[in-house]
Amino acid sequence: MHLSQCMCGNNMSVPLLAEAVTVSGMEKETAAVIFLHGLGDSGHGWADTLTGIQLPHVKFICPHAPPIPVTLNMKSMMPAWFDLMGLSPDCQEDEAGIKKAAENIKAIIEHEVKNGIPPHRIMLGGFSQGGALSLYTALTCQHQLAGVVALSCWLPLHKSFPSGSSGQKNIPILQCHGEMDVMIPVHFGAMTAEKLKGIVNPQMITFKTYPGLSHSSSPQEMAAVKDFIEKYLPRI
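Residues numbered from 1 in each chain as written. Predicted model: local features only at pLDDT ≥ 70, side-chain atom pairs only at ≥ 80, totals over all residues. Heavy atoms only, no water.

Peer 1: Describe the packing of aromatic side chains, naming the residues involved and giving the relevant values.
Peer 2: Counting across every chain of the model gives five aromatic pairs. Ring geometry for F35 versus W46: centroids 4.7 Å apart, planes at 35°, classification tilted. Of this pair, F35 sits in strand 3 (residues 31–36) while W46 sits in helix 2 (residues 43–51), and the two are 11 residues apart along the sequence. Using a relative accessible area of 2% as the deciding quantity, one classes F35 as buried. Both rings, one in F228 and one in Y232, keep their centres 5.0 Å apart while their planes meet at 55°; by these two values the pair is tilted. One end of the pair, F228, and the other, Y232, are both in helix 6 (residues 219–232), four residues apart, so they sit about a helical turn from each other. Taken together, the ring pairs connect F35, W46 and F127 into an aromatic cluster. (Phe/Tyr/Trp six-rings, centres within 6.5 Å; stacked < 30°, edge-to-face > 60°. Helix = DSSP H or I, 4+ residues; strand = E, 2+ residues; numbered from the N terminus. Buried < 20%, exposed > 50% of the residue type's maximum accessible area, 1.4 Å probe, protein only.)

Peer 1: Go over the layout of surface pockets with me, naming the residues and quoting the values.
Peer 2: Its boundaries defined by the atoms lining it, the largest pocket holds a volume of some 190 Å³. Around the largest pocket, the lining comprises 13 residues; the ones closest to its centre are P66, W81, K100, A101 and N104. Looking at the lining of the largest pocket, the elements that each hand over two or more residues are helix 1 (15–19) and helix 3 (95–114). Per-element accounting of the lining of the largest pocket gives the leading share, four residues, to helix 3. Broken down by class, the residue content of the lining of the largest pocket amounts to eight nonpolar, two polar and three charged. (1 Å grid on protein atoms, 1.4 Å probe; cavity = no way out; pocket = protein on both sides within 12 Å on 5 of 7 lines; lining within 4 Å. Points joined across faces, edges and corners; volume = space filled by probe spheres on them. Nonpolar A, V, L, I, M, F, W, Y, C, P; charged D, E, K, R; others polar.)

Peer 1: Describe the UniProt feature "domain: Phospholipase/carboxylesterase/thioesterase" (unreviewed entry) in the protein chain, and please don't skip the residues or the numbers.
Peer 2: Listed under "domain: Phospholipase/carboxylesterase/thioesterase" (unreviewed entry) in the UniProt record, and renumbered for this structure, are residues 19–232. Secondary structure across residues 19–232 comprises 32% helix and 21% strand; the distance between its end C-alpha atoms is 27 Å. (UniProt positions renumbered as here; feature names shortened; annotations may be inferred.)

Peer 1: Go over empty space enclosed by the protein, please, and point to the residues and values.
Peer 2: Under the counting rule described, the total for this entry stands at one cavity of 30 Å³ or more. Considered as a void within the structure, the largest cavity measures approximately 150 Å³ in volume. Lining the largest cavity are 17 residues; nearest its centre among them are G86, S88, C91, E93 and W154. Looking at the lining of the largest cavity residue by residue, the classes come out as 10 nonpolar, four polar and three charged.

Peer 1: Give me the lowdown on the pattern of salt bridges, citing residues and values where you can.
Peer 2: For the structure shown, the criterion picks out five salt bridges. Among the salt bridges present, the one from E112 reaches K59, with a minimum N-O distance of 2.8 Å. A residue pair is termed long-range when its members are at least 10 positions apart, and E112 in helix 3 and K59 in strand 4 (residues 58–62) qualify at 53 residues. Each member of the pair, E112 together with K59, is buried. (Salt bridge = Lys/Arg side-chain N within 4 Å of Asp/Glu carboxyl O.)

Next up, the structure:
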């Protein structure tokens, strides 16, 4: 279980990968989870959390979002995958930024595919804004990925679906949300789960809520995440 800052030459063409924190598997890596942090955070905290649910054949990649001015926080510069104008379902959204961020995540997926991990062995995940981007990226990706772990989040550009979807009907999605979340209220998560059921096979959607949990994760939630990863990225 070592964390490495990989500065290998072959990653430089994928900007987010050069700096990403990677939690390497203990044996031959046959699967990967790309996990995206929330607004103002970095990949380090999630790399530590994911180390706690490590599977020996799975590599975790935790990229850092670049600092950009965020409208929601009076244009302060902070790590963000795209700009946020507000946190309600009808807020204006940074469509260009969301699409560009999704392309950057797809570049990481392509890099892993080139290095021998097929798309159906790659899972996306994320928390809050990172979870939102992981949902958007998976639903618009040309590949059918192994699944999505969407924690405390929403579906960006939700009005562009289902027509904006690349048609991956059978992608499993684990959506988790704290019932005491004041940043992204749980009913926003529930609306997202309903929306997702119109885009992918409803039987593939699992929406779990956690009493007493605020805008964060918990050991119970991480146990559910581990079960989901074990189910959809089994050892081969």
